[in-house]
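# Examining the three-dimensional arrangement
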Amino acid sequence: MTASIATNQTILVVGGGIAGMTAALEAAECGKQVILAEKSPTLGGRTSMLYRYFPKMCFPSCGLEINLKRVRGNPNVRVMTMTEVAAVTGSRGDYTVTLKVKPRYVNENCTACGDCGKAVSAEVPNTFNYGLNKVKAAYLPHDMAYPQRFVIDASIVATPDGEAAKAACKYNAVDLGMQEETIEIKVGSVVWATGWRPYDANKIQPYGYDRYQNVITSLEFERLCDPRGPTGGKILRPSDGKEAKNIAFIQCAGSRDENHLRHCSRICCMGTLKQTMYVREIDTEAKSTIYYIDIRVIDRLEDFYQDVQKDPNVGFVKSKVARIALNEANGNPILHGVDTEGYKRYAAEHDLVVLAVGMEPEVVGVQLPEDIVLDSSNFIEGSKSGGMFGAGSASSPLDVNRAVQNATAASMRAVQVIHKTASTEAA
Amino acid sequence: MSEALSQANSQAIARYKNNFLKEVEERVEDGHWVKMCMQCGVCAGSCPFGPHWEHSPQKLFMMIRAGKREEVLSTDSYWLCTSCYNCIVRCPRKLPITHIMHGLAHYAHRLGTVPPAQPGRAIAVLFWKNVVQNGRLNELTFSLKMYFRDGFGQGVKNAMAMQGIGLGLVKTKRLNPMEILGGHTCKDKGGIQRMVAKAAEIENKRRGMA
Amino acid sequence: MADNKFAAYICSGCGLGEALNIAGLEKVAKTEGKMAVIKTHPFLCNAEGVKMIQDDIANDGVTHVCIAACSRRAKAEAFHFPTVAMSRANLREGVIWIVSEGADHDEVRQEMAEDYIRMSCAEIKKLVQPGGNKKEASSKKILVVGGGMSGMTAAQSAVDAGYEVVIVEKAGQLGGFANQLWKRTPFQSPYADAQPTGAPELAAALSSNPKVKVYLNSTVAETAGAPGRFAIKIAQESGSISEELCGAIVQASGFTTYPIEKLPELGGGQANVVDQAGLEALAKAANGGPIKRADGKEVKSVVFVQCAGQRDDSGTHLPYCSGHCCATSIKQATYFKDQNPDIDTVVMYQDLRVPGMGEDFYRSAQNKGVIFTKGKASKVTGGDSCKVEFKDLILDEDTAAEADLVVLATGQVPNAGTDIEAWTVAATAADGGDEAAKAQKAELQSISVLNLKYRQGPDMPQLKYGFADSHFICFPYETRRTGIYAVGPMRRPMDMHQAQEDATGAALKAIQAVENAALGRAAHPRAWDLSFPKARLEGCTQCKRCTVECPFGAIDEDERRFPVFNEERCRRCGTCMGACPVRVISFENYSCDSVGVQVKAVEVPDEEDEKPRILILACENDAYPALDMAGMQRLTYSAYVRVIPVRCLGSVNTIWITDALNSGYDGVMMMGCQKGENYQCHFVKGSEMAYYRLSKIGDTLKGMGLEPERMQTYEIAITDATRVARLIDEYVAQLNEIGPSPMKGFG
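A quick note: this is a predicted structure, and the numbers were derived from the prediction, not measured. (Residues numbered from 1 in each chain as written. Chains lettered and ligands numbered in written order. Predicted model: local features only at pLDDT ≥ 70, side-chain atom pairs only at ≥ 80, totals over all residues. Heavy atoms only, no water.)

### Things to note about the interface of chain A and chain B
Spelled out, the test is: Contacts were defined at the residue level, with two residues in contact if any of their heavy atoms lie within 4.5 Å. A 1.4 Å probe defines the accessible area here, and the buried area is the portion of it lost by two parts on being joined, summed over both. What makes a salt bridge here is a side-chain nitrogen of Lys or Arg within 4 Å of a carboxyl oxygen of Asp or Glu, nothing more. Between N or O atoms, a polar contact is any pair within 3.5 Å; within protein, one atom must be a potential hydrogen donor and the other a potential acceptor, and residues adjacent in sequence are included only when both atoms are from side chains. Each residue gets one label: Ala, Val, Leu, Ile, Met, Phe, Trp, Tyr, Cys and Pro are nonpolar, Asp, Glu, Lys and Arg are charged, and the others, such as Gly, are polar.
Of the residues lining the interface, 17 residues belong to chain A; the matching set on chain B comes to 23 residues. Counting each side, the surface lost to burial between chain A and chain B is near 1,600 Å², with a carbon and sulfur contribution of 54%. When the area that chain A buries against chain B is broken down by residue, the three leading residues are Lys 320, Tyr 343 and Arg 345 of chain A, summing to 34%. Linking chain A with chain B are 0 salt bridges, by the criterion used here. Between chain A and chain B we count 9 residue pairs in polar contact (both at pLDDT 80 or more) in total. A breakdown of the residues in the side of chain A that touches chain B according to their chemical character gives 6 nonpolar, 4 polar and 7 charged.

### So, the sheet that holds strand E18 (residues 332–339) of chain A
All names here are of chain A. Applicable threshold: DSSP bridges decide pairing: two strands pair if at least two such bridges lie between them. A run of H or I in DSSP counts as a helix once it spans at least four residues, and a run of E counts as a strand once it spans at least two, with each numbered from the N terminus. The axes are straight lines fitted to the C-alpha atoms, using for helices just the contacting stretch, and the angles between their N-to-C directions are given from 0 to 180°.
Taking strand neighbours across the sheet as the criterion, the 3 strands line up as E17-E18-E19 in an open arrangement whose pairing is antiparallel. Edge positions in the sheet fall to strand E17 (323–327) and strand E19 (344–349), since each of these pairs with one other strand and no more. Averaged over all pairs of adjacent strands, the angle between their axes in this sheet comes to 25°, without regard to strand direction. Judged from the 5 bridges that link them, E17 and E18 form a sheet pairing that is antiparallel. Across the sheet, the residue bridging to Ala 325 is Ile 334, located in E18.

### Things to note about the packing of helix H9 (residues 325–339) of chain C against helix H10 (residues 358–367) of chain C
Residue and element names in this part refer to chain C. Put simply, the test is: Note that the term roughly parallel is reserved for angles under 35 degrees, roughly antiparallel for angles over 145, roughly perpendicular for angles of 65 to 115, and oblique for everything else. In this scheme the handedness of a crossing depends on how the near helix is turned from the far one: anticlockwise by less than a right angle means left-handed, clockwise means right-handed.
Where H9 meets H10, the closest approach of the two axes is 10 Å, and the angle between their N-to-C directions is 30°. Between H9 and H10, the crossing angle belongs to the class labelled roughly parallel. H10 is crossed by H9, and the crossing has left-handed handedness. Residues Ala 327, Ile 330, Lys 331 and Thr 334 of H9 touch H10, and the partners they reach there are Phe 361, Tyr 362 and Ala 365. Of the residues belonging to the contact of H9 with H10, the class tally is 5 nonpolar, 1 polar and 1 charged.

### Quick look at the side chain of Gln 462 of chain C
Residue and element names in this part refer to chain C. The residue Gln 462 is located in the loop between helix H12 (435–446) and strand E21 (484–486) in this model. Polar contacts involving the side chain of Gln 462 include one to the main-chain carbonyl oxygen of Gly 417, which spans 3.2 Å. Of the polar contacts made by the side chain of Gln 462, one reaches the backbone oxygen of Thr 418; its length is 3.3 Å. Beyond its immediate stretch of four places on either side in the chain, Gln 462 contacts Ala 416, Gly 417, Thr 418, Asp 419, Phe 467 and Ala 468.

### As for the confidence of the model for chain B
Residues and elements named next belong to chain B. So the rule is basically this: The quantity known as pLDDT measures the predictor's confidence residue by residue, on a range of 0 to 100.
Scored by pLDDT, chain B has a mean of 90; 97% of the residues are at 70 or more. For chain B, helix H1 (residues 3–16) is the element with the lowest average pLDDT, namely 82, and helix H6 (residues 86–90) is the one with the highest, namely 96. Here the prediction assigns the complex a pTM of 0.94, and the interface score ipTM is 0.94.

### What about the interface of chain C and chain A?
Listed by partner, the interface residues are 93 residues for chain C and 83 residues for chain A. Both faces considered, chain C and chain A share a buried interface measuring about 7,600 Å² in area, 52% of it formed by carbon and sulfur atoms. A per-residue breakdown of the area chain C buries against chain A is headed by Ile 473, Leu 508 and Trp 528 of chain C, which together make up 9% of the total. Between chain C and chain A we count 14 salt bridges in total. When the shortest N-O distance is used, the salt bridge between Glu 258 of chain A and Arg 363 of chain C registers 3.9 Å. Those elements that place two or more of their residues in the side of chain C that touches chain A are helix H6 (149–160), H10, helix H13 (496–519) and helix H17 (623–632) of chain C. Per-element tally for the side of chain C that touches chain A: the top contributor is H13 of chain C, with 12 residues. Its residues assigned to classes, the side of chain C that touches chain A shows 42 nonpolar, 23 polar and 28 charged.

### Side note on the environment of Arg 455 of chain C
Residues and elements named next belong to chain C. To keep it simple, the criterion reads: Summary of the burial criterion: residues with accessible area below 20% of their type's maximum are buried, those above 50% are exposed, and those between are partly exposed, where the area comes from a 1.4 Å probe applied to protein chains only.
Among the secondary structure elements, Arg 455 is positioned in the loop between H12 and E21. The class of Arg 455 is partly exposed, set by a relative accessible area of 27%. Along the primary structure Arg 455 and Thr 547 are separated by 92 residues, whereas in three dimensions their C-alpha atoms are 7.5 Å apart. Ignoring any residue separated from it by four or fewer positions in sequence, one finds Arg 455 in contact with Trp 423, Lys 544, Thr 547, Val 548, Ile 555, Asp 556 and Glu 557. At 2.3 Å, the side chain of Arg 455 and the side chain of Glu 557 are in polar contact.

### Describing unusual backbone geometry
The residue after Tyr 146 of chain A, namely Pro 147 of chain A, is reached through a cis peptide bond having omega 0°. Inspection of the secondary structure puts Pro 147 of chain A in the loop between strand E8 (138–139) and strand E9 (151–152). Cis geometry marks the peptide bond from His 524 of chain C to Pro 525 of chain C, where omega comes out at 5°. Its location among the elements puts Pro 525 of chain C in the loop between H13 and strand E22 (534–535). At Arg 266 of chain A, a position not held by glycine, the phi torsion is positive, near 65°. For Arg 266 of chain A, the location among the structural elements is in the loop between strand E14 (246–253) and helix H6 (267–282). Taking the relative accessible area as the measure of exposure, Arg 266 of chain A reaches 12% and is therefore buried. Look at Asn 217 of chain C: it is not a glycine, yet its phi comes out positive at around 50°. Within the secondary structure, Asn 217 of chain C sits in the loop between strand E7 (212–215) and strand E8 (218–224).

### Brief notes about H10 of chain C
Every α-helix carries 3.6 residues per turn, so stepping three or four residues along brings you back to the same face. Most of H10 of chain C sits inside the fold, with 9 of its 10 residues counted as buried. The set of residues buried in H10 of chain C consists of Gly 358, Glu 359, Asp 360, Phe 361, Tyr 362, Arg 363, Ser 364, Ala 365 and Gln 366 of chain C. Residues of H10 of chain C that are buried sit in contact with helix H4 (57–65) of chain B together with H9 and strand E16 (371–381) of chain C. Where H10 of chain C terminates, the next one or two residues include Gly 369 of chain C, which has phi positive at roughly 100°.

### Digging into the environment of Ile 291 of chain C
Residues and elements named next belong to chain C. Tracing the sequence through the fold places Ile 291 in the loop between helix H8 (276–286) and strand E14 (301–305). Considering only alpha carbons, one finds Ile 291 and Tyr 349, 58 residues apart in sequence, at a separation of 23 Å. Beyond its immediate chain neighbours, meaning those up to four positions away, Ile 291 contacts Leu 282, Ala 283, Ala 286, Lys 297, Glu 298, Val 299, Tyr 335, Phe 336 and Gln 339.

### Describing the packing of aromatic side chains
Note the threshold: In summary, the pairing rule links any two rings of Phe, Tyr or Trp, Trp by its six-membered ring, whose centres are within 6.5 Å, and it sorts them by plane angle into stacked for under 30 degrees, edge-to-face for over 60 and tilted for everything else. A ring is considered to have a charge above it if a Lys NZ or an Arg CZ atom is located within 6 Å of its centre and within 35 degrees of its normal.
A complete count under the given rule lists 19 aromatic pairs over all chains for this structure. Measuring from ring centre to ring centre gives 5.6 Å for Phe 148 of chain B and Phe 152 of chain B, while their planes differ by 40°; the resulting arrangement is tilted. You can call Phe 148 of chain B partly exposed: its relative accessible area is 29%. The class for Phe 152 of chain B is exposed, based on a relative accessible area of 64%. On the basis of an interplanar angle of 75° and a centroid distance of 4.8 Å, the ring pair of Tyr 362 of chain C and Phe 372 of chain C is categorised as edge-to-face. Taken as a pair, Tyr 362 of chain C in helix H10 and Phe 372 of chain C in strand E16 lie far apart in primary sequence, 10 residues in all. There is no split in this pair, since Tyr 362 of chain C and Phe 372 of chain C are both buried. Through a chain of ring-to-ring contacts, three or more aromatic side chains come together here, namely Tyr 51, Phe 59 and Tyr 278 of chain A. Its guanidinium or amino end placed over the ring of Tyr 212 of chain A, Arg 211 of chain A lies 5.2 Å from that ring's centre, counting from NZ or CZ. Its end group placed over the ring of Phe 587 of chain C, Arg 647 of chain C keeps NZ or CZ at 4.6 Å from the ring centre.

And the structure:
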């Protein structure tokens, strides 16, 4: 990847998920120069790892395809993957950014023909499926990966597998000697679309995520329901591979909680309702029970809630589950708590428990400069210098629609900074 | 219920005129936290004695907010709290639930609204009197008073039931039968009693229960 | 044209050289494709291969390029030759990756590849690289309709990026609903207390800004034209009309509150029962002092009843949730508590909806002593002492609360303008002379906000419940009128913070629109497409199908009832082209011809060869990528299909189908995006149009002696790789049962 020429009229967007892509494209389609830096090998982010979106139950690939088409066609956007921001100095309208580009060990000659993958035998956890299965150590991150270029995992570079990959490639695309590069660029404004991470369910001790196999997170459940996921779209329990028929969803797992995340993560209520629809599609006899404090389905999305409420196989219990125990005989988790509408104690046995874990800002591979102003939940509110902005779930827990709206607004603010710089210089 | 106690209750009713929540906020330990509850029910589900409580802590908070004064002050529920702290650890609002439960119990005791047969209260009163007297707990006299509070016959039964444990404690020098004559005491017994009286005076003043 | 030079470049990399007979492909390109230049390369997409092509263009006079290699979706950056027209034969994802491996399939694989060469060479001859439609006098001014927080924010955002703005506001001052508020819900850390609205400051800043022109007491009387040249007539209360020329429009026409009188069971209309707007008025009058009710009494106790006349699935009131009201009631409860902590405030809710950092505000209010009760109010009686009868859902009992004042949290009713679906029905009947319909049309028009002089109606289409929202989750600003963006509560129910963010984003979209219009470029989703529809009006039969079917209202009618194409309003989907029965509409690089010649270029074997030919018209947004995915996953499907990507199924002209059937194809599969209530089609009705038009030609087919099964339409998503392969194989099997087309040999 050659260094890009950037000036203080360039906007840097950090993060290539849907918010980052949107921020980059919207500014670029106005005629601005944009660099889109993504730390992983591909654009797409976490939304590309969802099976479907609420409320239309449509596929992330649809919007992703259109955004990628816009990226491909727009010379104003320069995409840099495997790239992280190491440092930012400067002031509004005039920042100096140090980028670190990690080696992919595959260069732009790659045609995605797949020969290297066939030649390699080592496997690595598949991050696209939240580690629920493995892929070859020479892999394409997913079907719609952009750039459409393979990745060689660093773990096999100095091994015979690495050599095998190199030998298999007819196009000299494998470069085992690729080094990390440091590039310094000048930009006028930075949009931080660094996204979110699911709250670590291991920290919620009473729920036993670390001890019970059949207690999983909503992200993992999403992959189970996806036909492209590790179980081919069947809801199979981790402990014994049996089909789950009686699923519990625990809302606010880690959110709205002074002991974990203080904020409400917004999407989990809708996310769970969506997942009960998956269950209905996959198995008309399976039952879902949602344990909640408040069902936060706002505005027009209320329709979706009303639809799910009509499903006789979906039950709602207003209760924050106190703890989960285990039925050793069959691996079933047992939920203990009290239904607060009238005070009914329960010890409910389910065969699979899905924790609707919350969203917190992503920190892995993200080093926010000191200039950034965070709120009490570490979401980005802005910057002291006034030239850097948060976008998407880095700025607030948001669903896809609002993340795109937010990213468009962030893009506007970045454009305003560039404009002010240009007009000051012109004057 | 003695006349003095029922007077406290009437005085409270007159002072707080239907605003039970305010009464709890001003007079119950950590009572100002009751308004922060978001009715999630984790405390109710976490309490190991939960099945035996008539009203769970979360429900009690709602009842307080709904002004159900008599039910809250006359329930046995919070007397079952063993201070296990399970609820506090899990409460997403970090309410000091254990303290509020004990606070309610204490307040109900002060007002005399506790059901007469409530053993927890009786034992608490016995414990308190015993400790304040000498500055230390006289385990032997306390235990005996506890066993015999329902009458001589029942007392003998209780004591016989506990004799194994009693003898074990004696053997391991955790219990000294000679304490029947007086027990350990502190250097400045009078000082302790004055301190406790002063503390009670300050607290009562703060809570308008002088 | 004599100057044209057609070149074909065939790649033999990625296994193409091994799986296909490249020499055979070259021969086809030469003898049948009639290419002037034919070159092969083992690794066409790399620097060397690309340079070879660039050199030919620069030095050898090549004007049209066919690339026979991977899918058009791959290596787009490498094969980027903006000065020449280009066609791409998909030999990799479309042939060698989906035809079963092995020598047994060599013949059909080669036939498939050769056909794609034929198609690509035929197509390229019909393509002209669009030059665009640059305008000299394109306006870059942005019109903002509505001067509330949404409108003002959009205006300020655009101004801060260097654009001029015109604001039209129907009231006598800027500020909209915000002017009625005492304070607003907090929108930044620490989210603890209500904040000043900021509306007066924003209004003052805009009013004194030389780049902003504000029309107060005004409405938009007429909007004609298109992005870059919206001719706006602004009617002022005084009676005068002003004119402005604008490049894009941001509609921020706001909302009204659901009438409280419609809630008599909740005390609407009775004394001391107000809605949230009513409470704001009382708070403003109090100005920080004790809040008094209408009869002058100081309020000592207040109950807020949430979801009043909302979330109603019985059909009586609003079915949706308005999103802001929980936080608004919390804010209003703190008005009381901030002034006097002893005032009894209860918020009676069913679900307390304060997502995100709103939780901090909830905690802050609880800390101030606001009581939250989960309860469903059944009856509210107003009067000197109000009574709220409700079911306490926690304590599971029916009970009642008394208060000095009851505040109903009623919903937002959007002010989006005329419902053009209803308007179209009335207008069509009115055209036919129906007097009642004429009156109805006038009535519907009277509430119009934009008064568009568009054939398809005076406002933007509404999505649901009167909100003018986009149906796309990934694209909230994708309204159905190019260059016109819906913002704030008229788009969907929302709070002020979201409305301001919405407006900021919309300002950017408006800027894009004006910049694109000036350059003759399309906006999203066919971003920067320079082609646009041209019509040979001499052949037009004035059937009006294009005008009616255009999903974006881009086509008007002139006095002689001929269609008038407004390039700047066009999204370049080609629905008009598909609709036209006489095929007078085309794009420079996409026409009935450019697809038609592909259909006819395919070599259709005779009946005895027992090799059917199936045409697949695949929408480039979902279906074509799905076929690529099947290739990437090395799934196999029949080698008898020939795929032609189309911009949208709506652009499919029936001539292509009749051409295919006349040529002896055994079947036609039309693959497009999901249609119906949850449509995914980015051109709204493309898939639906295809189904509809298909149903119309069923009889024609019977007349030709053809079974109706020879044409099928499908809804395909990109993730449907496995399914699409299966559908193809199933269809081929079905056709085998029906037998070969009787038209073979006649074409």
